[in-house]
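Structural overview for review
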Amino acid sequence: MHKLIAPLAAAGAVLVGATLFIRSRRTDTSEPYEELDVLKDIVSPEAAELLAASKNAAPGDASEGCCQNGAEGGGCCQEEGGGGGGGCCSEGVDEATVEGSGCGCSTVSAASQVVERRDGKGQVKTGVSKDEYRALKKAGQTPHQLAMQRGSERGSIKSGSTGGAPLSQVLPGQRGEMIVLFATQGGASGGLAKDVLEDAWEKGFTASLMDLSADNAVALLAKRLEKAPVPMLVFVTSTWTGGTPPPAAVPFFTWMLDAARPLDLFEGVRFVVYALGNSEYKEHFCTAGRTLDNRIEVLGGKRQVPMAEDDDAGRREVFGKWKDSVWVSQGARLMGNSVQFIDEDSDISSDMSSAEEDDDIEEPAAQSGLTDLEDLGGVFKAGKGEKGAAGGVAILDKPKKMLNDRLAASLTKQGYKLVGSHSGVKLCRWTKAMLRGRGGCYKHTFYGIASYQCMEATPSLACANKCVFCWRHHKNPVGTTWRWETDEPKVLIDGFMSNHRKMIKEMRGLPGVIPERLAEAQTIRHCALSLVGEPIIYPHINKFLQMLHAEGISSFLVTNAQFPAQMESLVSCTQLYVSIDASNETDLKEVDRPLFPDFWNRFLECVDALSRKGQRTVFRLTLVRDWNMNEVQGYADLVKRGLPDFVEVKGVTFTGGNKPELGMKNVPWHAEVLQFTQSIAALVSDEYEVCSEHAHSCAVLMARKSKFKKGNDWYTWIDFPKFLELQAGVGHFTAVDYMAKTPEWAVFGRGDANDGGFDPAEIHYRKGDSRVTTPASTRPATPAV
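How each quantity is defined
Residues numbered from 1 in each chain as written. Predicted model: local features only at pLDDT ≥ 70, side-chain atom pairs only at ≥ 80, totals over all residues. Heavy atoms only, no water. Helix = DSSP H or I, 4+ residues; strand = E, 2+ residues; numbered from the N terminus. Buried < 20%, exposed > 50% of the residue type's maximum accessible area, 1.4 Å probe, protein only. Areas by Shrake-Rupley, 256 points an atom, 1.4 Å probe, with all protein chains shown as cover. Phe/Tyr/Trp six-rings, centres within 6.5 Å; stacked < 30°, edge-to-face > 60°. Pairing = 2+ DSSP bridges. Axes fitted to C-alpha atoms, helices over the stretch in contact; angles between N-to-C directions. Contact = heavy atoms within 4.5 Å. pLDDT = per-residue confidence, 0-100. Salt bridge = Lys/Arg side-chain N within 4 Å of Asp/Glu carboxyl O. Core = buried A, V, L, I, M, F, W, Y, C linked by side-chain atoms within 4.5 Å. Right-handed = clockwise from strand over helix to strand, strands pointing away. Parallel < 35°, antiparallel > 145°, perpendicular 65-115°, else oblique. Nonpolar A, V, L, I, M, F, W, Y, C, P; charged D, E, K, R; others polar. Lys, Arg positive; Asp, Glu negative; His and termini not counted. Polar contact = N/O pair within 3.5 Å; in protein donor to acceptor, adjacent residues only side chain to side chain. Expected span 1.5 Å × (residues − 1).

1. Overview of the overall build of the protein
- Within the protein, the secondary structure is distributed over 26 helices and 27 strands.
- Out of the 785 residues belonging to the protein, those deemed buried represent 55%.
- A total accessible area of about 33000 Å² is found for the protein, and carbon and sulfur atoms account for 49% of it.

If you want it as structure tokens, here you go:
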């Protein structure tokens, strides 16, 4: 007999054809629902009347097939003292004391599709049937949403972070109570928790949701555990920097780990844990989930299935199998490729009969795609490929796609046009602005780029950091090595250009767009490889840059200073950036949250590698108030060590989000950025000087005087055609070979003091300006390429 079926058969399972059924005990721990306000909103009027009538009916008034006082009821509940009538409950006898394999009776109204149930004490239990629930879901509504609209709080668990709004549905289910608890930072755990919640509703559980970051989460859970019968607990948690829980959930974990907690706190409580993490963090992978899983067991909890470990929320197949195993542990049955609860009074159950063992019984199980129960623990371990703290091993040896459906959907929602399996392109807001004659970005002021001819892209959406100021809200993958399928450079470049041009065409109807610029924007002149992720880890980055230059497109490449070997071997690009997000090891760890344990050594090696590059090099500082603006001398020391051609100092951009770590209080004013830059410049004044600013981007530029200042003139702009000519040749060239004179308006202190580096040829629109067109008489001339 198949190893999956053998233990189940021993427990009373029978085989009907190719389907295995388990005669399970029905548990009903929900309390009677006294008011039908919410029910009337969810079910039809006829169904509501049936429910109301069922509440007022005496135990002996039940319809055909249900409990009747003194009657056998066709194998259902019998008079007090009966023997259980085929595994059901006798009236007046507590279901826990009745011998048999099932309890609770039901009758289904075909018209209303509402299930009426009675327990061993004759109490009526009501709930929306699976068909009713599916109809609600198809209509875009759930019992939870309707309950929220009604403002009902009966049976709900409230979150202090949402002002006390109910977070659970209020309808009782016939399979017992379940609480889904989640700890999240970026939202992945919360999304999976809601998935479990909706599945639990559909499968007949009285399920509710609890955010462990809520102020009253500890009090609510502790209070609920004091009341019998205790619910089943489903935990979904991610792991944060250094193996800690998500910051907002730290109080809950602290309470859980307190030595003062009684060892019987979770005595007899059924629980399961789904842990999210990233295996690139090695020893910290899923640490929060592992800690929680072990702690609950120590405090008396009864684990129902092995903990699952999800590698960066990218293994939805693990989530699906884990969720199926949870339902099986609660009495569901494996049916083909699905897991279903089969009630004992259903048509399928009534037709069940014993079946002889057959040599073919292994075939259906093998074809079902479901994993043997005794092997589920191995399936759930999504480790990196070597034994970890919990014995996790690799699942896949061959490269996988970098983007799964969830990540792709998230990035697409943010406006990305995805190319291949690991790349993307997006239209910058400054491209749109300059198409309308409303000014370019700081790269236009500093280096002479025509923003409306600039394409923002990346050949790798993955990164080795999870920076606190990431403007992509950590929706992109992370990794320390390239472990994904690899697309050819031509596929990426063709995809970038095609998608960029399509997005440019979509600007045709934008008010104020200058037709000449719209036409010229189809000719892409520049590519900023700084969209998101770490482009330098793309295995074919050198070939990619060479092909990009062959298309007549210049390249600005940004690296996060964690891959020194790749920096050393990198071919010439128009301008190479290194992100300098902190001036010391402690701050860098807090701001960048790097995956590499030796991140600081890697950071310094990248600084050294930059000093040996012959083309234009840049330090990019992103200032975050209260995070990395406390040590000017440290930045000055790094500048002296790396000797970049330019130092860009820019204030962080607030990007919002559901749970942003940074707020507007962390965004410095332009005046603060300018003052900070001048403080650094004062410490390196023998070689550097503030030369330009772009107040609209909250950015300031320092440059090396020995290379880019001739007399009183600055040469920070780029002769792009000259660079492409030099790059195509065979001789050695340096940054001074393709520099161009900076116009006076772009030089710090020489332009309009009120415009802060804004191109006077552009139309300066300010907040509140109601004009939506650019008059032909005032249209700025197209910048020379």
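2. Some remarks on the packing of aromatic side chains
- In total, this model carries 23 aromatic pairs according to the counting rule given.
- Measuring from centroid to centroid gives 5.9 Å for F446 and Y447, while their planes differ by 85 degrees, and the two rings are edge-to-face.
- When its relative accessible area of 0% is taken as the criterion, Y447 is described as buried.
- Ring centres of F646 and F708 lie 4.6 Å apart, and the angle between their planes is 35 degrees; on these two criteria the pair is classed as tilted. With F646 in strand β21 (residues 646-651) and F708 in helix α25 (residues 705-708), the pair connects residues that are 62 residues apart, well separated along the chain.
- We classify F646 as buried; its relative accessible area is 0%.
- The structure contains a cluster of three or more aromatic residues connected by ring pairs, namely Y442, F446, Y447, F556, Y577, F646 and F708.

3. Some remarks on the sheet that holds strand β15 (residues 423-426)
- Read from one edge to the other, the open sheet built from 10 strands follows the order β14-β15-β16-β17-β18-β19-β20-β21-β23-β22, with strand pairing classed as mixed. At either margin of the open sheet sits one strand with a lone partner, and together these are β14 (417-419) and β22 (688-694). Pairwise comparison of adjacent strand axes, ignoring direction, gives a mean angle of 25 degrees for this sheet.
- Pairing geometry for strand β19 (residues 575-579) and strand β20 (residues 616-623), over five bridges, is parallel. What sits directly across from Q575, in β20, is R616.
- Strand contacts of helix α19 (residues 541-550): β17 (526-529) and β18 (554-559), with the helix running at about 150 degrees to β18, the strand carrying the most contacts.
- The sheet contacts of helix α22 (residues 599-611) involve β19 and β20, and relative to β20 the element is tilted by about 145 degrees.

4. As for the confidence of the model for the protein
- Per-residue pLDDT for the protein has a mean of 73; in total, 65% of the residues score no lower than 70.
- Here residues 345-379 is modelled with pLDDT under 50, and outside its nearest four sequence neighbours on either side it reaches 54 contacts, counting other chains as well.

5. A closer look at the pattern of salt bridges
- Scanning the entire structure with this criterion turns up 22 salt bridges.
- Through salt bridges that share partners, D195, D199, K203 and K323 make up one connected network.

6. Some remarks on the nonpolar core
- Core analysis: the largest hydrophobic core is formed by 82 residues, its most contacted members being F544, I580, F603 and F619.
- Sort the elements by how many residues they give to this core and α22 lands first, with eight residues.
- Counting 29 residues, the second largest nonpolar core, distinct from the first, contains I179, A217, A275 and L292.

7. Some remarks on the pairing of β20
- When you tally the buried positions in β20, you get eight out of eight residues, the bulk of the element.
- Burial along β20 is two-sided: the face carrying R616, V618, R620 and T622 and the face carrying T617, F619, L621 and L623 are both buried.
- With helix α23 (residues 632-642) bridging β20 and its parallel neighbour β21, the resulting β-α-β unit is right-handed.

8. Digging into the packing of helix α21 (residues 585-592) against α22
- Running from N to C, α21 and α22 cross one another at 100 degrees; their axes reach a closest spacing of 10 Å. On the basis of the axis angle, α21 is roughly perpendicular to α22. The residues of α22 that touch α21, namely those facing E585, L588 and K589, are F599, W600 and F603.
- Taken together, the residues that form the contact of α21 with α22 break down as four nonpolar, no polar and two charged.

9. Some words on the side chain of E693
- As for its placement among the helices and strands, E693 is situated in strand β22.
- R750 provides the closest opposite charge to the buried, unpaired E693, separated from it by 11 Å.
- A polar contact of 2.7 Å, which involves the side chain of E693, links it to the side chain of H670.
- E693 has contacts with T445, F446, H670, L674, A699, V700, F748, G756 and G757, leaving out every residue within four places of it along the chain.

10. Observations regarding helix α9 (residues 287-298)
- In a regular helix each residue adds 1.5 Å, so 12 residues correspond to 16 Å; α9 covers 16 Å between its end C-alpha atoms and thus fits that length.
- For α9, every residue scored as buried is listed here: T287, A288, G289, R290, L292, D293, R295 and I296.
- Against the buried residues of α9 lie β8 (232-238), α8 (250-257), β9 (270-277), β10 (302-303) and β11 (308-311).
- Of the residues flanking the end of α9, it is G300, one or two places downstream, whose phi is positive at about 100 degrees.

11. Here's the deal with the environment of F556
- The residue F556 is located in strand β18 in this model.
- For the pair F556 and C527, spaced 29 residues apart in sequence, the C-alpha separation works out to 6.3 Å.
- F556 has contacts with K443, Y447, I449, C527, A528, L529, T574, Q575, Y577, I718 and F720, leaving out every residue within four places of it along the chain.

12. Examining the pairing of β17
- Both faces of β17 are covered, namely the face carrying H526 and A528 and the face carrying C527 and L529.
- As paired strands, β17 and β18 are joined by four bridges and run parallel to one another. Bridge pairing links H526 to S554 in β18.
- In this region the chain leaves β17, passes through α19 and returns to the parallel neighbour β18; the handedness of that crossover is right-handed.

13. Some points on the packing of α22 against α23
- Interhelical geometry of α22 versus α23 gives an angle of 45 degrees and a closest axis separation of 8 Å. The angle between α22 and α23 places the two elements in the oblique class. Residue-level contacts link F603, L604, V607, D608, L610 and S611 of α22 to L638, R641 and G642 of α23.
- A per-class count over the contact of α22 with α23 returns five nonpolar, two polar and two charged.

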